[in-house]
Amino acid sequence: MTSRLSLLFASTSLTLAMGLPALAAGPTPVRTDGQCGGVCAAVFTSDDLPLPLIRVSGDGEEEDDEDGGWFRRGHDDDDDEDECEDDDDDEYDACMGAGGRGNPAPAGTVAPPANGLFGSGAPPAAVTK
Amino acid sequence: MKSLLATLALTTALTLPGLAMARPVTLTTTLNNYGGDGAYLALYVTDPSGAYVGSLWMAGGKSKYYEHLTDWYAATGGDPAQINGITGASVGAGRTLEITLDLADALFDAGYTLHIDAAVEDMRDSPNEIAVPLTSAGAGSPVQGRRYIASFVYK
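Residues numbered from 1 in each chain as written. Chains lettered and ligands numbered in written order. Predicted model: local features only at pLDDT ≥ 70, side-chain atom pairs only at ≥ 80, totals over all residues. Heavy atoms only, no water.

Colleague: I'm lost on the pairing of strand β2 (residues 39–46) of chain B in this one. Help?
Modeller: A regular strand carries its side chains on alternate faces of the sheet. All names here are of chain B. Here β2 lies mainly inside the structure; eight of its eight residues are buried. In β2, alternate side chains face the same way, and those of A39, L41, L43 and V45 on one face and Y40, A42, Y44 and T46 on the other are all buried. Relative to strand β6 (residues 113–120), β2 runs antiparallel, the two being bridged by eight bridges. Of the residues in β6, the one forming a bridge with A39 is V120. Relative to strand β3 (residues 52–59), β2 is paired through six bridges, and the arrangement is antiparallel. For Y44, the partnering residue across the bridge sits in β3 and is S55. The turn joining β2 and β3, which pair antiparallel and follow one another in sequence, is formed by five residues; a positive phi near 90° is taken by G50. (Buried < 20%, exposed > 50% of the residue type's maximum accessible area, 1.4 Å probe, protein only. Helix = DSSP H or I, 4+ residues; strand = E, 2+ residues; numbered from the N terminus. Pairing = 2+ DSSP bridges.)

As structure tokens, this is what we get:
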């Protein structure tokens, strides 16, 4: 048991003695000029060329802002100033209208307005074909 | 027993006229293949003097676009209370919207006019696309719209 522990301790010490100076001698993984050196180069590059930067998000090249859209139903982009999502699954959300009002209640959820036009029979119904 | 019968007769007498004063009416609107997105349609009624009486249906649920239904918007200010419970989805090009409403008899043959305003995304607004007098004789006769509506008929 003691010899096994001694062997383990010796191999760990040897690894640390050889590995730490090698790691400490290397430059910072990515230099300011974009070059990769030392351990970084060994691990991340197969040649001398730096890896291309991958932008997760950004402004510029592919802005989908060409709809000119004062009336772009269903195509609003994130720059939409009224923060009103336009997914059709949410047709009756709490978006505010042009006059700062909410959307009307859809048919079947409340009674029709009492404007004298409707009788008291079947509620309004609509189908699209 | 006598009072019960009297009550029953009274309630029947009061209820029957109410039932007889309205009728189911089907409004059928068929759109042209105008090559655009779904159309918003406002169906509303004016009295003999041309004054707005009330709305019958709104096709299109987002109030921010109602200003493009210009005549309806001018009459109502875009008030959602005018169309609560009578609002459905917008109607695609080439599609047919069929609405069934229980309408007051008093609307027919009394000088009332049914109007439809239409608006389509990135296309011209079309107020008063349809204006048809509500008459018994006119029921079943198709009317053609000016821009987006191929035909409208009520019966």
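Colleague: Explain the pattern of salt bridges to me, please; I cannot follow it from the model alone.
Modeller: Opposite charge on two side chains permits pairing when their charged atoms draw close. The full count for this structure, using the stated rule, is two salt bridges over all chains. Between K129 of chain A and E98 of chain B there is a salt bridge, with the nearest N and O atoms lying 2.9 Å from each other. Residue K129 of chain A is located in the segment after β1 (125–128), and its partner E98 of chain B is located in strand β5 (residues 96–104); the two belong to separate chains. Residue classification places E98 of chain B among the partly exposed positions, given a relative accessible area of 23%. Residue D105 of chain B is joined to R23 of chain B by a salt bridge in which the shortest nitrogen-to-oxygen separation is 2.7 Å. With D105 of chain B in the loop between β5 and β6 and R23 of chain B in strand β1 (residues 22–31), the pair connects residues that are 82 residues apart, well separated along the chain. For D105 of chain B, a relative accessible area of 24% gives the class partly exposed. According to the relative accessible area criterion, R23 of chain B is partly exposed, its value standing at 31%. (Salt bridge = Lys/Arg side-chain N within 4 Å of Asp/Glu carboxyl O.)

Geometry only, nothing functional implied.
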